Amino acid sequence: MVLLTCIGKVLGTLVVSLLFQIPFMEGVILGLLMNTKGFIKIIVLNIGWEQKVLRDEVFSIMVLVTILMTTIISHTVALIHKPKKKSTYHTRTEQCKLQEQIFYVLF
């Protein structure tokens, strides 16, 4: 079940990153990084445990899986991601597109 959710996050992020013309490996890395939201997940699990929504066994298993997935994925991303050049994403902002034009924000 945990593996299925991880694969779903990676594939979903990969599809969106390819739609926005982000390179394949960077899309995979973004998908892997979606699984490292462990700190927030542990806070939510702790709240569920304190409210007696989760039993002790379920809480322990979920915390261990969260720590394990965060550790594995952070090391995997460090092994996969070898930046060759400086990122070019800073040129995709509205400020860079409109350098000679005035940018208005309407409220």
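Everything quoted here is computed from the prediction, not taken from an experiment.

A.B. asks: Just to check I follow, could you spell out the overall build of the chain for this structure?
C.D. replies: Scanning the chain from N- to C-terminus turns up five helices and zero strands. Listed by position from the N terminus, the elements making up the chain come as α-α-α-α-α. Per-residue burial over the chain gives 20% buried out of 107 residues. Here the analysis covers contacts within the chain between residues at least 6 apart in sequence; of these, 56% occur between residues at least 24 apart. Accessible surface, the chain as shown: approximately 9,000 Å² in total, 70% of it carbon and sulfur.

A.B. asks: How should I be thinking about a nonpolar patch on the surface in this particular structure?
C.D. replies: A cluster of nonpolar side chains, Leu 18, Phe 24, Met 25, Leu 79 and Ile 80, forms an exposed patch at the surface whose accessible area comes to about 490 Å². Elements supplying a minimum of two residues to the nonpolar patch: helix H2 (24-33) and helix H4 (56-80). Note that Leu 18 resides in helix H1 (residues 2-19). We classify Leu 18 as partly exposed; its relative accessible area is 45%.

A.B. asks: Can you walk me through unusual backbone geometry in this structure?
C.D. replies: Of all residues except glycine, most have a negative phi; of all peptide bonds, most are trans. Residue Gln 21 is not a glycine yet carries a positive backbone phi of 60 degrees. Tracing the backbone through its elements, the reader meets Gln 21 in the loop between H1 and H2. In this structure, Lys 52 takes a positive phi of about 65 degrees despite not being glycine. Within the secondary structure, Lys 52 is located in the loop between helix H3 (38-50) and H4.

A.B. asks: Sorry if this is basic, but what is going on with H4 here?
C.D. replies: Think of an α-helix as 3.6 residues a turn; residues three or four steps apart then line up on the same face. Spanning 25 residues, H4 covers 36 Å between terminal C-alpha atoms, matching the ideal 36 Å at 1.5 Å per step. Here H4 has its buried residues at Phe 59, Val 63, Thr 66, Met 69, Ile 73 and Val 77.

A.B. asks: Just checking my understanding: could you explain the UniProt feature "transmembrane region" (unreviewed entry) in the chain for this structure?
C.D. replies: Within the UniProt annotation, "transmembrane region" (unreviewed entry) is assigned to residues 12-34 and 58-80. Strand forms 0% of residues 12-34 and helix 78%; the C-alpha atoms that close the span are 10 Å apart. In residues 58-80, helix accounts for 100% and strand for 0%; the two terminal C-alpha atoms are 32 Å from one another.

Basis of the calculations
Residues numbered from 1 in each chain as written. Predicted model: local features only at pLDDT ≥ 70, side-chain atom pairs only at ≥ 80, totals over all residues. Heavy atoms only, no water. Helix = DSSP H or I, 4+ residues; strand = E, 2+ residues; numbered from the N terminus. Buried < 20%, exposed > 50% of the residue type's maximum accessible area, 1.4 Å probe, protein only. Contact = heavy atoms within 4.5 Å. Areas by Shrake-Rupley, 256 points an atom, 1.4 Å probe, with all protein chains shown as cover. Patch = residues over 30% accessible without salt bridge, like charges linked within 9 Å, V, L, I, M, F, W, Y side chains within 5 Å. Salt bridge = Lys/Arg side-chain N within 4 Å of Asp/Glu carboxyl O. Expected span 1.5 Å × (residues − 1). UniProt positions renumbered as here; feature names shortened; annotations may be inferred.

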